[in-house]
Amino acid sequence: MNKYLATVRVRGQHIKTMVYADSAVHARLLLQYQFGMDCLVLGPQATTEDADGYRLLDGMIKPKPPMTSAQARINGLKQGVARSQEQLKGEQERQRRQREAERLRKALAGPPP
């Protein structure tokens, strides 16, 4: 597989994108299937990071390894704590509004006869 740089038209904007393909023809077909038949502004050109001066994301983004079962459990518990805190704050706010509405209703009703 080779890397090919191509410029495609997406909603009227020209976007540079990379595609992995066996040949330039294959890259062109992949881009046409992905973005539409009239999408290519500048056809696919074989590229390397050094030749074009573009810094490719392959070197910038490091994949994260999958979590172990222990790490996943801890992560799930932390997210559960965060959800519980959000629910607690929401319930406290709801009860505060309910008390305020009750107090306002009593004040508008006036003293009992």
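You'll find the structure just up there.
Residue numbers run consecutively from 1 along every chain, following the written order of its sequence. It should be noted that, the model being predicted, local features are given only for residues of pLDDT at least 70 and side-chain atom pairs only at 80 or more, the latter also being counted only at that level, while totals for whole chains, interfaces and linings use all residues. Excluded from the side-chain calculation are hydrogens and water; included are all heavy atoms of the structure.

Some words on helix α1 (residues 24–35)
Going along the chain from the N terminus, every DSSP run of H or I of four or more residues is numbered as a helix, and every run of E of two or more is numbered as a strand. How far a helix is expected to stretch is found by multiplying one less than its residue total by 1.5 Å. Taking 1.5 Å of rise per residue, the twelve residues of α1 would be expected to cover 16 Å, and the 16 Å separating its terminal C-alpha atoms lies within 8% of that figure. Partly exposed residues are those whose accessible area sits between 20% and 50% of the maximum for their type, while under 20% is buried and over 50% is exposed, using a 1.4 Å probe and protein chains only. Residues of α1 that are buried include every one of Ala27, Leu31 and Gln32, and no others. Down the axis of α1, the buried set is contained in an arc of 130°. They therefore lie on one face. Residues of α1 that are exposed and point more than 90 degrees away from the buried face comprise Val25 and Tyr33. Should any heavy atoms of two residues lie within 4.5 Å, those residues are counted as being in contact. Tucked inside the fold, the buried residues of α1 contact β1 (2–10), β2 (13–21) and β3 (40–46). An arc is given here, and it is the one of the directions from the helix axis to the C-beta atoms.

Quick word on the pairing of β1
Paired strands, in this sense, are two strands between which DSSP finds at least two bridges. The pairing of β1 with β2 spans nine bridges and is antiparallel. The residue of β2 that forms the bridge with Leu5 is Met18. In the sheet, β1 pairs with β3 via four bridges, with the strands oriented antiparallel. Looking across to β3, one finds that Leu5 is bridged to Gln45.

Structural notes on the nonpolar core
What makes a nonpolar core is a set of buried Ala, Val, Leu, Ile, Met, Phe, Trp, Tyr and Cys residues whose side-chain atoms join them at distances within 4.5 Å. Of all hydrophobic cores here, the largest spans nine residues; its members are Tyr4, Ala6, Val8, Val19, Ala21, Ala27, Leu31, Cys39 and Leu40. Contributing elements (two or more residues each) for this core: β1, β2 and α1. Each residue touching Leu40, except ones within four places of it in the same chain, is listed here: Ala6, Thr7, Val8, Arg28, Leu31 and Gln32.

With respect to the side chain of Gln32
Locating Gln32 in the fold gives a position in helix α1. Exposure remark for Gln32: the relative accessible area of 13% places this residue in the buried category. Every residue in contact with Gln32, bar those within four places of it in the chain, is listed here: Met37, Cys39 and Leu40.

What about helix α4 (residues 69–109)?
Relative to the 60 Å expected for 41 residues at 1.5 Å per residue, α4 spans 59 Å between its end C-alpha atoms, a close match to the ideal helical length. Gly110 sits one or two residues past α4 and shows a positive phi near 85°.

Focus on the sheet that holds β2
Strand order across the open sheet formed by three strands is β2-β1-β3, with antiparallel pairing between neighbours. Of all strands in the sheet, those with a lone pairing partner are β2 and β3, marking the two edges. Adjacent strand axes in the sheet meet at a mean angle of 15° when their direction is disregarded. Packing of α1 onto the sheet brings it into contact with β1, β2 and β3, and relative to β2 it is tilted by some 130°. To obtain each axis, a line is fitted to C-alpha atoms, and for helices this fit is confined to the stretch in contact; angles are then taken between N-to-C directions over 0 to 180 degrees.

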